[in-house]
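Fold and contact review
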Amino acid sequence: MSATRTVRIAPSILTADFGRLAEQVQAAEAGGADLFHLDVMDGHFVPQLSFGPEVVAAVRAATSLPIEVHMMVAQPAAHFAAFAAAGAQTLLFHVEATADASAALAAAHATGCRAGVAVSPGTPVERLAPLLGALDQVVIMLVHPGRGGQTMLDAHLDKVPQLRALLAAAGRDVPIELDGGVKAENAARCAAAGADILVAGSAVYNDRATPAAALAQLRSALAPAD
């Protein structure tokens with residue numbers, strides 16, 4: 001990781017207590033979250049179902065921090081307008097979910113949002129080469145999309161420097177986000193690989209610590225050694 005890069009932490013609300021959602025969001029914001037990562041799943045692209053624009057709007061009402069929506073859905077462009085209207089600043093969709101990712105990026109940008117793609121573990125970052133000029137962000141999945149609480153597939157950390165090299169060759173410097181299995185014990189490895197943003201779900205929302213205490217653990221793990 002470059003000495004000038006500051007790693008941001010994006011709590012995913014997937015494992016939050018939805019009965020106290022506003023309180024849970026505000027607790028993470030008070031604890032030092034940088035932005036919120038909202039995982040939308042449709043039961044088609046992935047077997048799981050999560051939530052729709054109403055939950056995005058509820059999070060928007062609870063925080064002033066940026067919101068990114070990670071769409072694990074089969075027809076992402078059909079949902080861009082609704083999530084933008086609900087308060088998202090960044091729309092992220094899976095490159096595997098569309099036959100024309102360039103058109104989808106243009107549609108996402110047309111809403112006024114930042115736009116980016118996610119790549120699943122089985123997808124090489126070279127697949128993004130035709131898209132580099134239009135990307136505002138890339139999510140590298142370190143687990144198979146869908147279920148929260150999975151163990152990080154460490155071998156896919158190698159994709160970060162590979163993607164960084166592709167971006168540099170294209171004259172681009174866009175944030176690279178890592179999603180899946182991020183914990184205090186592996187956060188430093190993620191940062192060393194070159195990540196700009198770490199998605200933390202069960203590492204922040206769990207029954208072992210408050211969101212603030214969990215975020216403090218992550219920050220401590222990311223702090224440079226003396």
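As a starting point, this report considers the structure included with it. (Residues numbered from 1 in each chain as written. Predicted model: local features only at pLDDT ≥ 70, side-chain atom pairs only at ≥ 80, totals over all residues. Heavy atoms only, no water.)

1. What to know about the overall build of the protein
The condition that has to hold: The helix count covers DSSP runs of H or I at least four residues long, the strand count covers runs of E at least two residues long, and both are numbered beginning at the N terminus. Our radius of gyration looks at C-alpha atoms and nothing else; its globule reference is 2.2 Å times the residue count to the power 0.38. We call a residue buried when its accessible area falls under 20% of the maximum for its residue type, exposed when it is over 50%, and partly exposed in between, using a 1.4 Å probe and counting protein chains only.
A count of helical and extended segments in the protein gives seven helices and eight strands. For the protein, the C-alpha radius of gyration of 16 Å lies close to 17 Å, the compact-globule estimate for 226 residues. By its C-alpha atoms, the protein is 45 × 40 × 30 Å across when sized along the principal axes. The burial tally for the protein puts 51% of its 226 residues in the buried class.

2. Brief notes about the nonpolar core
Here is the rule we go by: Buried Ala, Val, Leu, Ile, Met, Phe, Trp, Tyr and Cys residues that are joined via side-chain atoms within 4.5 Å together make up what is termed a nonpolar core. We call two residues in contact when some of their heavy atoms are within 4.5 Å.
Of all hydrophobic cores here, the largest spans 65 residues; its most connected members are Ile13, Phe36, Leu128, Ile140, Leu163, Leu178 and Leu198. Setting aside chain neighbours within four positions, we find leucine 128 in contact with Val95, Val117, Val119, Val138 and Leu163. Residues Leu92, Ala118, Met141 and Val143 belong to the second largest nonpolar core, which totals five residues.

3. A few points about the pattern of salt bridges
Rules: The term salt bridge refers to a pairing of a side-chain nitrogen on Lys or Arg with a carboxyl oxygen on Asp or Glu at a separation within 4 Å.
Throughout the structure, instances matching the rule amount to six salt bridges. Of the charged contacts, one joins aspartate 154 and arginine 189 as a salt bridge, the two residues approaching to 2.5 Å between their closest N and O atoms. On the criterion of sequence distance, the pair formed by aspartate 154 in the loop between strand S6 (137-141) and helix H5 (159-169) and arginine 189 in helix H6 (residues 187-193) is long-range, its members being 35 residues apart. Of the charged contacts, one joins aspartate 173 and arginine 164 as a salt bridge, the two residues approaching to 3.5 Å between their closest N and O atoms. Salt bridges sharing common partners tie together Asp17, Arg20 and Glu23.

4. A short note on the sheet that holds strand S7 (residues 176-179)
Rules: Pairs of strands are assigned from DSSP output, requiring at least two bridges between the strands. An axis is simply a line fitted to the C-alpha atoms; with a helix, the fit covers only the stretch in contact. Between two such axes, the angle follows the N-to-C directions and lies from 0 to 180 degrees.
With respect to topology, eight strands assemble into an open sheet ordered S1-S8-S7-S6-S5-S4-S3-S2, the strand pairing being parallel. In this open sheet, the two edge strands, each paired with only one partner strand, are strand S1 (8-11) and strand S2 (36-41). On average, adjacent strands in this sheet sit at an angle of 25° to one another, irrespective of strand direction. Note that strand S5 (residues 114-119) and S6 share four bridges and pair parallel. Of the residues in S6, the one forming a bridge with alanine 118 is valine 139. Strands S2 and strand S3 (67-72) of the sheet are contacted by helix H2 (residues 53-62), whose axis makes an angle of about 165° with S3. In the packing of helix H7 (residues 211-222) onto the sheet, the strands contacted are S1 and strand S8 (197-200), and the crossing angle to S1 comes to about 150°.

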